Amino acid sequence: MPEIALTDSFAESKRLLKSKDHQPFSMAEQYRIIGKRLGVDFSPTIRLLETLPVFLHGSRHADVRRSMAINLSAAREPQECAAQQIVDGLPELLAPGRSVDLIEDFIRPLRNAMFVHNGTSFTIDQDLSDKATKLFDDRSRLKERMETNERLREFIESEPNTADQRLIVLGQNVLGATPLIGSMGLSLHAVFSANLGKSLKNTSYPKRYPVSAVPSTDRILTLDSGHADADSHQATRCVLHSKGYSREENDEMFFGMGEHACLGRPIANAVWSMVTTKLASLDVTILSSNLTMETDMPETREDYLAMTVLFIRPRSLKVEIGP
Ligand code: HEM
């Protein structure tokens, strides 16, 4: 990756996201370079990355985005029903006296139930989606990436005729899972922290997620060739979500904007509304001493800027329920 400049101005971030001259960088290109340097065949990984619209532009982006939009639109209703069933289990999960990790015990099962429905007849292994997300986390070890690369090879070779369609479904799961799990976890933590000691029934819930697991995204100035060249040293990290933005600005930018605006926005918003409606019906409290969250957010600005792509992953969100 080139050196990254940071823009935390709402107007400038918006301008860059809407600008035709700025494109996402090519993650596949990064793997071509690493593969060449190390003598590793990363072609399965590269094939998946060339199916993730966040890293594409031009006609390839338009084609993949269209296919994902069709799948996600067909998946919307069954995903909502599946989500509602898990949400309906919240009263039992959050019964007085229980200690719960909301990430493991609620949000992951919620994601798993939803993503079984993907708008096609293909079944995609959630574990492979989770592992594939780590392919664009700089902190992942090479060994781990190579193992995922081999699992992708098996995934592709198991049925070569349908590989392109299945990669699109895997891609939509990869792009949806971490932002959804992360934003739900971070947002619930923020709501609970601000309402400690109050019954969930008397807690005020924002209409939109108050915290994002995708707080920024990168754009690179396109050269005359039309390619976003990762070595052009003109990369900008656009802040999408920030304490420095007004609530309206954060809401407007939460799911990105322009050509790459999030395709999961309707379902993600529907699920937030389902979850908060159910929580608002529960007459229990979250005990203050036992509300803890662990995340993998980089601690320093240097570490943050050194990351190629930033998703914040809450590892756990532990709560203890009182009467
Ligand atoms: C609260 C949850 C979510 C958040 C905060 C979120 C956020 C975002 C953001 C900021 C982008 C734009 C990235 C950029 O411009 O570089 C994006 C793109 C995308 N999101 Fe989401 N997302 C969420 C949930 C989902 C879900 C549930 C799905 C699918 C099941 C999904 C699918 C996608 C896809 C396919 C794109 C790529 C669009 C493109 O590049 O054309 N997202 N998301």
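Please read these numbers as outputs of a predicted model, since none were measured by experiment. (Residues numbered from 1 in each chain as written. Predicted model: local features only at pLDDT ≥ 70, side-chain atom pairs only at ≥ 80, totals over all residues.)

Visitor: Which residues make up the overall build of the protein chain, and what values go with them?
Guide: Within the protein chain, the regular secondary structure consists of 12 helices and eight strands. Here the C-alpha radius of gyration of the protein chain, 20 Å, is about what a compact globule of 323 residues would show, namely 20 Å. Over its C-alpha atoms, taken along the principal directions, the protein chain stretches across nearly 60 × 45 × 35 Å. Looking at the protein chain residue by residue over its 323 residues, the buried ones come to 37%. In the protein chain, 76% of the contacts between residues at least 6 apart in sequence involve partners at least 24 apart. (Helix = DSSP H or I, 4+ residues; strand = E, 2+ residues; numbered from the N terminus. Rg over C-alpha atoms; globule rule 2.2 N^0.38 Å. Buried ≥ 20, exposed ≤ 12 C-beta atoms within 10 Å, placed from the backbone. Contact = placed C-beta atoms within 7 Å.)

Visitor: If you had to explain the environment of Leu-287 to someone new, which residues and values would you point to?
Guide: Here Leu-287 shows up in the loop between strand E6 (285-286) and strand E7 (292-295). Classification of Leu-287 by C-beta neighbours within 10 Å gives partly exposed; the count is 16. Distance in space between the C-alpha atoms of Leu-287 and Ser-99 is 9.8 Å, their sequence separation being 188 residues. Discounting chain neighbours no more than four positions away, the residues touching Leu-287 are Glu-320 and Gly-322.

Visitor: Let's hear about the sheet that holds strand E4 (residues 216-221): which residues, and what values?
Guide: Strand order in this open sheet of four strands is E1-E5-E4-E2, and the pairing throughout is mixed. Two strands close off the open sheet at either side, each with one partner strand: strand E1 (4-7) and strand E2 (22-23). As paired elements, E1 and strand E5 (residues 235-239) share four bridges and run parallel to each other. Bridge pairing in E5 links Thr-7 to Cys-238. (Pairing = 2+ DSSP bridges.)

Visitor: Can you break down the packing of helix H4 (residues 58-87) against helix H11 (residues 265-279) residue by residue, with the values?
Guide: Contact pair H4 / H11: the axes reach a minimum separation of 10 Å and the direction vectors enclose 25 degrees. In terms of orientation, H4 and H11 fall into the roughly parallel class. Once H4 is placed against H11, the crossing between them reads as right-handed. In contact with Arg-76, Gln-79, Glu-80, Ala-83, Gln-84 and Val-87 of H4, H11 contributes Pro-266, Ile-267, Ala-270, Val-271, Met-274, Val-275 and Lys-278. Residues that form the contact of H4 with H11 fall into these classes: eight nonpolar, two polar and three charged. (Axes fitted to C-alpha atoms, helices over the stretch in contact; angles between N-to-C directions. Parallel < 35°, antiparallel > 145°, perpendicular 65-115°, else oblique. Left-handed = near helix turned anticlockwise from the far one by under 90°. Nonpolar A, V, L, I, M, F, W, Y, C, P; charged D, E, K, R; others polar.)

Visitor: Give me the lowdown on the site of the ligand, citing residues and values where you can.
Guide: Surveying the vicinity of the ligand reveals 27 residues, the closest of which are Gly-176, Pro-179, Gly-256, Cys-262 and Gly-264. Of all the elements in the fold, those that place two or more residues in the shell around the ligand are H4, helix H9 (163-194) and H11. In terms of residues, the shell around the ligand owes the most to one element, H9, which gives six residues. Looking at the shell around the ligand, its residues break down into 18 nonpolar, eight polar and one charged. (Near = placed C-beta within 6 Å.)

Visitor: I'd like a description of the packing of helix H7 (residues 126-133) against helix H8 (residues 142-157), backed by residues and values.
Guide: Between two packed helices, what matters for the description is the angle formed by their axes and the separation of those axes. Between H7 and H8, the shortest axis-to-axis distance is 10 Å and the interhelical angle comes to 135 degrees. If you check the angle between H7 and H8, you find them oblique. Seen along the crossing, H7 lies across H8 with a hand that is left-handed. Of the residues in H8, those in contact with Leu-128, Lys-131 and Ala-132 of H7 are Thr-148, Arg-151 and Phe-155. Here the residues of the contact of H7 with H8 sort into three nonpolar, one polar and two charged.

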